[in-house]
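Summary of structural features
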Amino acid sequence: MELGRIGLAELRRRYTQDGVAIPSLLLRRLRADERAGARHLAEELAARRAALACERRRVGRLWRLERELCAQGHARIAGLDEVGMGPLAGPVIACALVLPLGLSLVGLDDSKRLRPEARERLEGEIRAAALEVGLGAAWPDEIDRLNIYRAGQLAMRRALAALAAAPDAVVVDGRRVPDLPCHQVAVIGGDARVASIAAASVIAKVHRDALMRELDRAHPGYGFARHVGYATPEHLEALARLGPSPIHRRSFAPVREVACPTR
């Protein structure tokens, strides 16, 4: 590697991006460089390399449950999660996916804890590596008819049904989902504790956010592209001013109060 041909600013740009591996050869040459800036960059990159190794160990621990299930004879294990239970508008979206066991996904976490750019990066990596991905939705009319809890379960069953074949086992966030055709393990807080569930939450969140941007164009004025249906002050003001849209959940109190005001 000819450091003279690549400026220090370009090296910093290349090697300080999330998840980018930092070669030992690069560190050795930067440390041997006469420039103080190069030696400073070497220490900065060495610290990032150590942090990256720590992060890979953390992600490795997220695979503990899947490894246990595999040891019990479950070869095809799906992660399952849903997003969009709390918003006043739009669907619940669920994702079921099957990943290669032990896949290293730097930064993998509950989608709610991730910055949008980190979610987008991970979503691309997950989709590229996944053996299968299935998505399911429950729409506002179903949410109003069934209640939000049962609608979430419906979306998860639809996501599993979208896989080409039923998995041997499912790891799911929260409580058990009735009527699944396979062994399941429910984990409270699983989207932050189990790799396959966390990955499913990322796919579902990115997909739902993109869908809400489309719905914003179909139903302008509410700001769906910004708040994705949650009860922000902007959303509540628009709801009071415009009334409910076709994608609002009329069984949710703030929408119901606008649609059927008390006389």
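As the structure is a prediction and not an experimental result, all values here were calculated from the model.

**Thoughts on the sheet that holds strand 4 (residues 169-173)**
Across the sheet, five strands lie side by side as 3-2-1-4-5; this open sheet has mixed pairing. In the strand order of this sheet, the two ends are held by strand 3 (132-138) and strand 5 (183-187), each with one partner. Here the average twist between neighbouring strands, direction ignored, is 20 degrees. Here strand 2 (residues 92-98) pairs with strand 3 via seven bridges, running antiparallel. Considered in strand 3, the bridge of Cys 95 is made with Leu 135. The strands touched by helix 7 (residues 148-161) are strand 1 (77-83), strand 2, strand 3 and strand 4; relative to strand 3, the strand with the most contacts, the crossing angle is about 150 degrees.

**Observations regarding the environment of Glu 214**
Within the secondary structure, Glu 214 sits in helix 8 (residues 195-218). Considered as a pair, Glu 214 and Phe 224 are 10 residues apart in the sequence and their alpha carbons are 8.8 Å apart.

Parameters and conventions
- Residues numbered from 1 in each chain as written.
- Predicted model: local features only at pLDDT ≥ 70, side-chain atom pairs only at ≥ 80, totals over all residues.
- Heavy atoms only, no water.
- Pairing = 2+ DSSP bridges.
- Helix = DSSP H or I, 4+ residues; strand = E, 2+ residues; numbered from the N terminus.
- Axes fitted to C-alpha atoms, helices over the stretch in contact; angles between N-to-C directions.
- Contact = heavy atoms within 4.5 Å.

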